Structures are given as C-alpha cells and as structure tokens.
Amino acid sequence: LHAALDAAGPWGEGWPEPRVALGPVRIVQASVTATGGHVRLTGAGPDGGRVRAVMFRAAGTPAGAALLGARGRRVHLAGRVARNDWQGQTRAELHLDDAAAAD
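### Things to note about the overall build of the chain
Here is step 1: Looking only at helices and strands, one finds two helices and five strands in the chain.
Here is step 2: Of the regular secondary structure in the chain, the N- to C-terminal order runs α-β-β-β-α-β-β.
Here is step 3: Rg of the C-alpha trace for the chain: 14 Å, near the compact-globule value of 13 Å for 103 residues, within the 12% margin.
Here is step 4: With the C-alpha coordinates aligned to their principal axes, the bounding extent of the chain is approximately 35 × 30 × 30 Å.

Listed below in structure tokens is the structure:
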C-alpha cells in the first residue's frame, strides 16, 4: 500500500498526502519512545494482522494518554501510511493524526 501511495505522489503544498482510516484494531502494546516523547503502538485486527503506528509528540497530551491507556481496547486509527527503514528492515507504519474508541 505504501509503495502504491508513494508512486501516486509527489505530495506537497496543494496536494496533501493521502490519509487512511482503519479499524477497529485492538491495542496490544503502547509505550512512550525513549526520545522525542512519541507514543508508539501495535494494533491487531480481527484476523490477527498487525499494524505499527506512532503519534509524534503525543506523550503528555490527552490523545497520547488515551492511547497509552487503551491496551486491550478496540480503536479506530487515522493517519498516513509511511515507510520505516530501521536496522536493515523496511516496514510500513501508520503516522497517526487521530484515534477514536471503537467500543
């Protein structure tokens, strides 16, 4: 999905990057990153598929607190699909703009 969205670009002023919504997903892990105060989470769909997501600079905000307290609960997530290249692995992740309780 990320490759297809990336190929449809370029994105910039006047051409906002596409946003996606998914869910409900059950939050299986949520934590604050060691640097930057970001909230990183892993969600699982009903089929067992997993999604990694991050909400930047959300630690200490109401949205960040809600995500950190949502472990085991179902939520809807909205943001942009991004590519994360880290330690020789490439993975897609969702850069969150918003989240809402699904229950």
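### Describing the sheet that holds strand β3 (residues 50-55)
Here is step 1: On the basis of which strands lie adjacent, the closed barrel formed by five strands has the order β1-β2-β3-β5-β4 and mixed pairing. Ignoring which end each strand starts from, the neighbouring axes of this sheet average 50 degrees apart.
Here is step 2: As paired strands, β3 and strand β5 (residues 89-101) are joined by two bridges and run parallel to one another. Counterpart to A53 in the pairing with β5 is L94.

### Digging into the pattern of salt bridges
Here is step 1: One pass over the full model with this rule turns up four salt bridges.
Here is step 2: One salt bridge connects E17 with R80, and the closest N-O pair in it is separated by 3.5 Å. You can see E17 sitting in the loop between α1 (2-7) and β1 (20-32) and its partner R80 sitting in strand β4 (residues 74-86), a full 63 residues away along the chain.
Here is step 3: The class for E17 is partly exposed, based on a relative accessible area of 28%.
Here is step 4: Where D85 meets R83, a salt bridge forms, and the shortest distance between an N and an O atom there is 3.1 Å.

### What about the confidence of the model for the chain?
Here is step 1: Averaged over all residues, the pLDDT of the chain is 90; the fraction at 70 or higher stands at 100%.
Here is step 2: Of all secondary-structure elements in the chain, the lowest mean pLDDT belongs to α1, at 75, while strand β2 (residues 39-44) reaches the highest, 96.

### Concerning the nonpolar core
Here is step 1: Residues L41, L67, V75, L77, L94 and L96 are the most contacted members of the largest nonpolar core, which totals 15 residues.
Here is step 2: Dropping the residues within four chain positions of it, L96 is found in contact with L41, A53, V54, M55, L67, L77, A78 and G79.

### Focus on the pairing of β2
Here is step 1: Counting buried residues in β2 gives five out of six residues, a clear majority hidden from the surface.
Here is step 2: Where β1 hands over to β2, the hairpin turn is made up of six residues, of which G36 adopts a positive phi near 90 degrees.
Here is step 3: Where β2 meets β3, six bridges bridge the pair, whose relative direction is antiparallel. Across the sheet, residue L41 finds its bridge partner in β3, namely A53.

Calculation criteria
- Residues numbered from 1 in each chain as written.
- Predicted model: local features only at pLDDT ≥ 70, side-chain atom pairs only at ≥ 80, totals over all residues.
- Heavy atoms only, no water.
- Helix = DSSP H or I, 4+ residues; strand = E, 2+ residues; numbered from the N terminus.
- Rg over C-alpha atoms; globule rule 2.2 N^0.38 Å.
- Pairing = 2+ DSSP bridges.
- Axes fitted to C-alpha atoms, helices over the stretch in contact; angles between N-to-C directions.
- Salt bridge = Lys/Arg side-chain N within 4 Å of Asp/Glu carboxyl O.
- Buried < 20%, exposed > 50% of the residue type's maximum accessible area, 1.4 Å probe, protein only.
- pLDDT = per-residue confidence, 0-100.
- Core = buried A, V, L, I, M, F, W, Y, C linked by side-chain atoms within 4.5 Å.
- Contact = heavy atoms within 4.5 Å.

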